[in-house]
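Secondary and tertiary structure notes
So the chains spell out like this:
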Amino acid sequence: MRSELEGQYPPGCAKVLEEIEKSFVFEMFNSQVALSVGNLIVQISQEYKEDVIVRITRESDELTVFQYVGNSKSQRNIDFALAKRNTVLKTGHCSLWAMAQELTNGGLEDIFQENSNCLPVGGAFPIYVGKQLVATIAVSGLRDGKDHKVIEDALCSYLNKEIPVFKGKLI
């Protein structure tokens, strides 16, 4: 997959994703917020006519505080979401950031190793309160980068924010 994506990420893509993440810093995040954001992601994902899984994890104790599994989804999708979450935990950035960073600047080779428990594609975001990572959101089940997009759209809506346009390939 990596070789197929060479050249798909112009210089500065990782920085744009970092700016997007900064737009999504919360003043507080708790189970009620997770429920609202999770439901918003499910609602937005229904526009794509494909089922999703949505998992929001409180990172202080690794507890799943929100989970939705669409009727056609399975453990395989949960596993994909968990691997995307692992990418967030390893980098502190959204899972797509790892792909953009590696292909434009390098330095994350270990995430791309076959035995890595990470999946550096779109579909997981860190949730920060201030500078502290408090939760992760992971989505699996859509195609063509829409896992990433539904999270962005939901967070923009919930936080009433506009974000920079990402010009790299959504996967």
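This one's a predicted model, so the numbers in the text were calculated from it and none came from an experiment.

**So, the sheet that holds strand β2 (residues 63-69)**
Each strand in a sheet pairs with its neighbour through backbone hydrogen bonds, running either in the same direction (parallel) or in the opposite one (antiparallel). Ordered by their spatial adjacency, four strands build an open sheet running β2-β1-β4-β3, and the pairing between neighbours is antiparallel. Only two strands of the sheet have a single partner each, and these edge strands are β2 and β3 (124-129). Across the sheet, the axes of successive neighbouring strands diverge by a mean angle of 15°, strand direction being ignored. Where strand β1 (residues 53-58) lies against strand β4 (residues 132-140), six bridges are found, and the strand directions are antiparallel.

**A few points about the packing of helix α2 (residues 13-23) against helix α5 (residues 95-104)**
Where α2 meets α5, the closest approach of the two axes is 8 Å, and the angle between their N-to-C directions is 155°. Classified by the angle between their axes, α2 and α5 sit roughly antiparallel to one another. Along this stretch, α2 crosses α5, giving a crossing that reads as left-handed. Here Cys13, Ala14, Leu17, Glu18 and Glu21 of α2 lie close against α5, whose contacting residues are Leu96, Trp97, Ala100 and Gln101.

**Some remarks on the packing of helix α3 (residues 31-45) against helix α6 (residues 146-159)**
Where α3 contacts α6, the axes come no closer than 9 Å and their chain directions differ by 125°. Taken as axis vectors, α3 and α6 run oblique relative to one another. The interaxial crossing formed by α3 with α6 has right-handed handedness. Residues Val33, Ser36, Val37, Leu40, Ile41, Ile44 and Ser45 of α3 pack against Val150, Ile151, Asp153, Ala154, Leu155, Ser157 and Tyr158 of α6.

Each value, and the rule that gives it
Residues numbered from 1 in each chain as written. Predicted model: local features only at pLDDT ≥ 70, side-chain atom pairs only at ≥ 80, totals over all residues. Heavy atoms only, no water. Pairing = 2+ DSSP bridges. Helix = DSSP H or I, 4+ residues; strand = E, 2+ residues; numbered from the N terminus. Axes fitted to C-alpha atoms, helices over the stretch in contact; angles between N-to-C directions. Parallel < 35°, antiparallel > 145°, perpendicular 65-115°, else oblique. Left-handed = near helix turned anticlockwise from the far one by under 90°. Contact = heavy atoms within 4.5 Å.

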